[in-house]
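Survey of secondary and tertiary structure
So you can see what is in the structure, the chains are spelled out below.
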Amino acid sequence: MPKLPRILVYSLLVAGCLALIPPVVFARMRATPSPNRPIHIFWDMDFQPKFKTQVANPLFADGRAMRAPVQGTAGRGEAYADAHLYEGVVDGQWATALPAAVTMDAETLERGQQRFNIYCSACHGYAGFGDGAVNQRAMELVSNATGPVNGTQWVAAKSLHDETTRNQPVGQLFNTITHGIRNMAGYGAQISTEDRWAIAAYVKALQLSQDAGAAN
Ligand code: HEC
């Protein structure tokens, strides 16, 4: 085989190395966050003039782009006028019965049990005595012989059979589930209104079953 001229071999080597640079630069650019807009070849309708949140808009007298809802109006599907259903309150008192939209039957209680087991039992325990797995583990960490592990702090989940909680009206339980109480977070954003009522009804059922005296 005839020997290739040296100059050709070296030129090919150099060209080969140089050819690697553009792909590396591209890969690097794709992987590095940049404040600049990416190169956008087809614009279509991707960038349209608009007002973003918290900016000024000279069109309105108050100069704000964000508009407050018109007074006395409610968005579609956002009228929370039924205080019983949405706040657990009837005539300024905690409701003692379920709202009209939720019927007290086996199906509701089963749904409540299932949701309770998912959302509440981790802390309050399946029967509501405040002995859920998370609570037990936290208590272990807090009461370690050499002090709380990693500075763990924990407020024990309350037993739902405590004197103070046992006699609460179902509307008050609904309110606690919705907004939380003291150290407990609220579940209004995660659990639908109907399901919160189902859980409240189930908690009442738990209380009735666990706290039944010999006479009942
Ligand atoms: C992450 C743990 C945790 C979860 C999950 C949790 N709770 Fe609690 N709950 C607590 C703690 C802690 C307290 C006591 C708060 C305090 O006293 O500061 C409490 C208190 C309560 C009380 C007593 C309210 C009162 O008036 O004293 C009720 C009722 C209650 N929870 C119901 C529920 C229900 C129903 C769920 C499920 C939707 C739930 N909790 C989920 C931790 C939890």
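Look up: the structure comes first, before these words.
Let me sum up the structure you'll find in this document. No experiment lies behind these values; they were computed from the predicted model shown.

**Side note on the overall build of the protein**
Helix and strand counts for the protein come out as eight helices and two strands. When the helices and strands of the protein are read in sequence order from the N terminus, they spell out α-α-β-β-α-α-α-α-α-α. A compact globule built from 216 residues should have a C-alpha radius of gyration of about 17 Å, whereas the protein, at 31 Å, is more than 25% larger. Structurally, the protein occupies a C-alpha span of about 110 × 65 × 35 Å along its principal axes. Long-range pairs, those at least 24 residues apart, make up 50% of the contacts in the protein with a sequence separation of at least 6. Accessible surface for the protein amounts to roughly 16,200 Å². Of this, 59% is attributable to carbon and sulfur atoms. Side-chain charges of the protein comprise 18 positive and 17 negative groups, with the mean position of each set lying 20 Å from the other.

**Let's talk about the site of the ligand**
C120, C123, H124, Q168 and M184 are the nearest of the 20 residues found near the ligand. Contact between the ligand and R182: an oxygen atom at 3.0 Å from a side-chain N or O atom of the residue. N183 is positioned with one of its side-chain polar atoms (N or O) 2.8 Å from an oxygen atom of the ligand. Class assignment for the residues of the shell around the ligand results in 13 nonpolar, five polar and two charged.

**Observations regarding the packing of aromatic side chains**
Each aromatic ring pair is summarised here by two numbers: the centre-to-centre distance and the angle between the ring planes. Per the counting criterion, the structure on display carries five aromatic pairs. With a centroid separation of 5.0 Å and an interplanar angle of 70 degrees, the aromatic rings of W43 and F47 are classed as edge-to-face. With a relative accessible area of 30%, F47 lands in the partly exposed category.

**Some remarks on the coordination of the iron atom of the ligand**
Those donors, H124 (NE2) and M184 (SD), are the protein atoms that reach the iron atom of the ligand, and they lie 1.9 to 2.1 Å from it. What the six donor atoms of the iron atom of the ligand show is an angle range of 87 to 178 degrees at the metal, which sorts the shape as octahedral. Of this pair, H124 sits in helix α4 (residues 121-124) while M184 sits in the loop between α7 (170-179) and α8 (193-210), and the two are 60 residues apart along the sequence. Owing to a relative accessible area of 29%, M184 belongs among the partly exposed residues under this scheme.

**What to know about the side chain of H84**
Inspection of the secondary structure assignment puts H84 in helix α2 (residues 83-87). Apart from the residues within four sequence positions on either side, H84 is in contact with V89, V90, A95, A97, L98, P99 and W197.

**Section: α8**
For α8, spanning 18 residues, the distance from its first C-alpha to its last is 26 Å, which sits close to the expected 26 Å at 1.5 Å a residue. Three or more residues of α8 are buried, namely T193, D195, R196, W197, A198, I199, A200, A201, Y202, V203, L206 and Q207. Turning to α8, the residues buried within the fold contact α2, α3 (106-119), α6 (163-166) and α7.

**Focus on the side chain of N135**
With respect to the element layout, N135 can be found in helix α5 (residues 133-142). N135 sits in the buried class, given a relative accessible area of 6%. Of note is the side chain of N135, whose polar atom sits 2.6 Å from the side chain of W154. Contact partners of N135, with chain neighbours within four places excluded, come to A122, C123, G130, W154, A156 and A157.

**Details of the environment of D162**
Its location among the elements puts D162 in the loop between α5 and α6. Using a relative accessible area of 32% as the deciding quantity, one classes D162 as partly exposed. Linking D162 and Q207, residues 45 residues apart in sequence, is a C-alpha distance of 9.4 Å.

**Here's the deal with the packing of α7 against α8**
For the pair α7 and α8, the least separation of the axes is 9 Å and the interaxial angle reads 125 degrees. Of the possible angle classes, the one that applies to α7 and α8 is oblique. Here the hand of the crossing between α7 and α8 comes out right-handed. Along its contact with α7, which presents V170, G171, L173, F174, I177 and T178, the element α8 presents T193, R196, W197, I199, A200, A201, V203, K204 and Q207. Each residue belonging to the contact of α7 with α8 can be placed in one class, and the counts come to nine nonpolar, four polar and two charged.

Cut-offs applied
- Residues numbered from 1 in each chain as written.
- Predicted model: local features only at pLDDT ≥ 70, side-chain atom pairs only at ≥ 80, totals over all residues.
- Heavy atoms only, no water.
- Helix = DSSP H or I, 4+ residues; strand = E, 2+ residues; numbered from the N terminus.
- Rg over C-alpha atoms; globule rule 2.2 N^0.38 Å.
- Contact = heavy atoms within 4.5 Å.
- Areas by Shrake-Rupley, 256 points an atom, 1.4 Å probe, with all protein chains shown as cover.
- Lys, Arg positive; Asp, Glu negative; His and termini not counted.
- Charge placed at Lys NZ, Arg CZ, Asp CG, Glu CD.
- Near = heavy atom within 4 Å.
- Polar contact = N/O pair within 3.5 Å; in protein donor to acceptor, adjacent residues only side chain to side chain.
- Nonpolar A, V, L, I, M, F, W, Y, C, P; charged D, E, K, R; others polar.
- Phe/Tyr/Trp six-rings, centres within 6.5 Å; stacked < 30°, edge-to-face > 60°.
- Buried < 20%, exposed > 50% of the residue type's maximum accessible area, 1.4 Å probe, protein only.
- Donors = N, O, S within 2.8 Å, 3.2 Å for Na, K, Ca; no water.
- Tetrahedral: all angles 85-135°; square planar, octahedral: opposite > 155°, others 65-115°.
- Expected span 1.5 Å × (residues − 1).
- Axes fitted to C-alpha atoms, helices over the stretch in contact; angles between N-to-C directions.
- Parallel < 35°, antiparallel > 145°, perpendicular 65-115°, else oblique.
- Left-handed = near helix turned anticlockwise from the far one by under 90°.

Read these as layout, nothing more, since geometry by itself doesn't imply function.
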